[in-house]
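Architecture and fold: a report
Residues per chain are reported as follows:
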Amino acid sequence: DSGVTQTPKHLITATGQRVTLRCSPRSGDLSVYWYQQSLDQGLQFLIQYYNGEERAKGNILERFSAQQFPDLHSELNLSSLELGDSALYFCASSPTGGDEAFFGQGTRLTVV
Amino acid sequence: QKEVEQDPGPLSVPEGAIVSLNCTYSNSAFQYFMWYRQYSRKGPELLMYTYSSGNKEDGRFTAQVDKSSKYISLFIRDSQPSDSATYLCAMDTGNQFYFGTGTSLTVIP
């Protein structure tokens with residue numbers, strides 16, 4: 001158990017809908033990362049937060065947004081969902097953002 | 001050119017073999033180097049973490065970093081069927097992680 005908790009584990013929704021994925025980092029970790037992993041694809045970096053502030057942005061679509069709250073948990077919002085958004089979404093956390101990151105077990109999103 | 005290059009494999013070896021997994025990179029700013037193991041549809045699990053050139057050993061795993069050649073390796077000794085997974089290298093500038101695409105490994109009993 002990495003100590004990073006993601007909910008829900010599975011999500012099935014229809015095209016055009018909006019969903020929110022939640023991540024609780026390891027205790028004491030200030031940095032949170034979001035990644036997308038499509039079937040047989042590598043990890044695609046979406047966005048990083050550090051202590052509530054956006055630190056780095058990757059290939060995140062405009063339909064996607066995220067935030068990190070004062071208690072350090074983070075949410076990834078996906079809107080106007082398309083079939084191609086079906087993927088595993090991982091959250092990772094690290095103490096400061098410049099050291100090793102620990103991953104949650106992911107949320108499997110299926111858009112039908 | 002990708003920041004991190006990793007041969008996707010697949011790699012298939014007999015039980016007990018020594019496995020060598022490699023990544024190359026182009027960004028001299030990378031300071032930290034990691035190897036993750038990912039079982040199918042599970043979250044990546046951190047195996048090794050290092051920030052300097054040289055070798056780091058942990059049980060059957062040895063991570064090797066050669067900053068002059070921009071090359072990192074993970075060696076698995078006495079490989080076991082339970083080592084069958086995808087192995088991802090990752091590198092960090094201190095601000096952002098960059099992952100390789102992963103190498104799929106199968107250890108045959």
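Here's a quick rundown of the structure. (Residues numbered from 1 in each chain as written. Chains lettered and ligands numbered in written order. Predicted model: local features only at pLDDT ≥ 70, side-chain atom pairs only at ≥ 80, totals over all residues. Heavy atoms only, no water.)

Quick word on the overall build of chain B
Going by this rule: Numbering of helices and strands runs from the N terminus; a helix is a DSSP stretch of H or I covering at least four residues, while a strand is a stretch of E covering at least two. For a compact globule the rule gives 2.2 Å times the number of residues to the power 0.38, and the radius of gyration it is set against comes from C-alpha atoms. The classification of residues rests on relative accessible area computed with a 1.4 Å probe and restricted to protein chains. Under 20% of the type maximum is buried, over 50% is exposed, and intermediate values are partly exposed. The contact rule is simple, with two residues in contact once any of their heavy atoms fall within 4.5 Å. Positive: Lys, Arg. Negative: Asp, Glu. His and the chain ends are not part of the count. We put the charge of a Lys on NZ, of an Arg on CZ, of an Asp on CG and of a Glu on CD.
Looking only at helices and strands, chain B features zero helices and eleven strands. In sequence order, chain B lays out its α and β elements as β-β-β-β-β-β-β-β-β-β-β. Relative to the compact-globule value of 13 Å for 109 residues, chain B shows a C-alpha radius of gyration of 13 Å, a close match. Projected onto its principal axes, the C-alpha positions of chain B cover 40 × 25 × 20 Å. When each of the 109 residues of chain B is scored for burial, the buried share is 44%. Counting only contacts in chain B whose residues sit at least 6 apart along the sequence, the fraction spanning at least 24 positions is 54%. With 9 positive and 11 negative side-chain charges, chain B shows a spacing of 4 Å between the two charge centroids.

Here we look at the interface of chain B and chain A
We count it as follows: Here's the idea: put two parts together, see how much 1.4 Å probe accessible area each one loses, and the total over both is what we call buried area. Salt bridges are defined by distance alone: a side-chain nitrogen of Lys or Arg within 4 Å of a carboxyl oxygen of Asp or Glu. Polar here means any residue outside two lists: the nonpolar Ala, Val, Leu, Ile, Met, Phe, Trp, Tyr, Cys and Pro, and the charged Asp, Glu, Lys and Arg; Gly therefore counts as polar.
On the chain A side, the residues contacting the 18 residues of chain B number 22 residues. Taken over both partners, the interface formed by chain B and chain A buries close to 1700 Å², and the fraction arising from carbon and sulfur atoms is 55%. Along the contact surface separating chain B from chain A lie zero salt bridges. Among the secondary structure elements, those contributing two or more residues to the side of chain B that touches chain A are strand E4 (32–38), strand E5 (45–50), strand E9 (85–92) and strand E10 (97–99) of chain B. A per-class count over the side of chain B that touches chain A returns nine nonpolar, six polar and three charged.

Let's talk about the nonpolar core
Let me state the cut-off plainly: By nonpolar core is meant a set of buried Ala, Val, Leu, Ile, Met, Phe, Trp, Tyr and Cys residues that side-chain atoms within 4.5 Å join together.
Membership of the largest hydrophobic core comes to 24 residues, with the highest contact counts inside it found for Trp35(B), Ile72(B), Leu74(B), Ile76(B), Tyr87(B) and Met91(B). Breaking this core down by element, the ones donating at least two residues are strand E3 (19–25), E4, E5, strand E7 (61–66), strand E8 (71–76), E9 and strand E11 (103–108) of chain B. Ile76(B) has contacts with Ala17(B), Ile18(B), Val19(B), Leu21(B), Arg60(B), Phe61(B), Asp83(B), Tyr87(B) and Leu105(B), leaving out every residue within four places of it along the chain. Among the nonpolar cores identified, the runner-up in size contains 22 residues, and Leu46(A), Ala87(A), Cys91(A) and Val111(A) belong to it.

Describing the sheet that holds strand E6 (residues 54–58) of chain B
Residues and elements named next belong to chain B. To keep things clear, this is the line we draw: Two strands pair under a simple rule: DSSP has to find at least two bridges between them. Lines are fitted to the C-alpha atoms to define the axes, a helix being fitted only along its stretch in contact, and any angle between axes, read from their N-to-C directions, falls within 0 to 180 degrees.
Pairing in this open sheet of five strands is antiparallel, and the strands run E1-E3-E8-E7-E6 from one edge to the other. Each edge of the open sheet carries a strand with a single partner, namely strand E1 (4–6) and E6. Between one strand axis and the next, the sheet turns through 20 degrees on average, direction left out of account.

Examining the pattern of salt bridges
Residue and element names in this part refer to chain A. Per the stated rule, a full pass over the model turns up eight salt bridges over all chains. When the shortest N-O distance is used, the salt bridge between Arg26 and Asp29 registers 2.8 Å. Since its relative accessible area comes to 23%, Arg26 is described here as partly exposed. For Asp29, a relative accessible area of 2% translates into the label buried. Across the salt bridge formed by Asp85 and Arg63, the nearest N and O atoms sit 2.8 Å from each other. Note that Asp85 is positioned in the loop between strand E8 (74–78) and strand E9 (87–94) and Arg63 in the loop between strand E6 (53–57) and strand E7 (64–68), a separation of 22 residues in sequence. Residue Asp85 shares its accessibility class with Arg63, and that shared class is buried. By sharing partners, the salt bridges in this structure join Arg63, Glu82 and Asp85 into a single network.

Focus on the pairing of strand E5 (residues 44–50) of chain A
All names here are of chain A. With five of seven residues buried, E5 lies mostly within the body of the structure. Here strand E4 (residues 31–37) pairs with E5 via six bridges, running antiparallel. Note that in E5 the partner of Val32 across the bridge is Tyr49. Taken together, the four bridges between E5 and E6 define a ladder with antiparallel strand orientation. Paired with Gln48 across the strands is Ala56, a residue of E6. The turn joining E5 and E6, which pair antiparallel and follow one another in sequence, is formed by two residues; a positive phi near 50 degrees is taken by Asn51.

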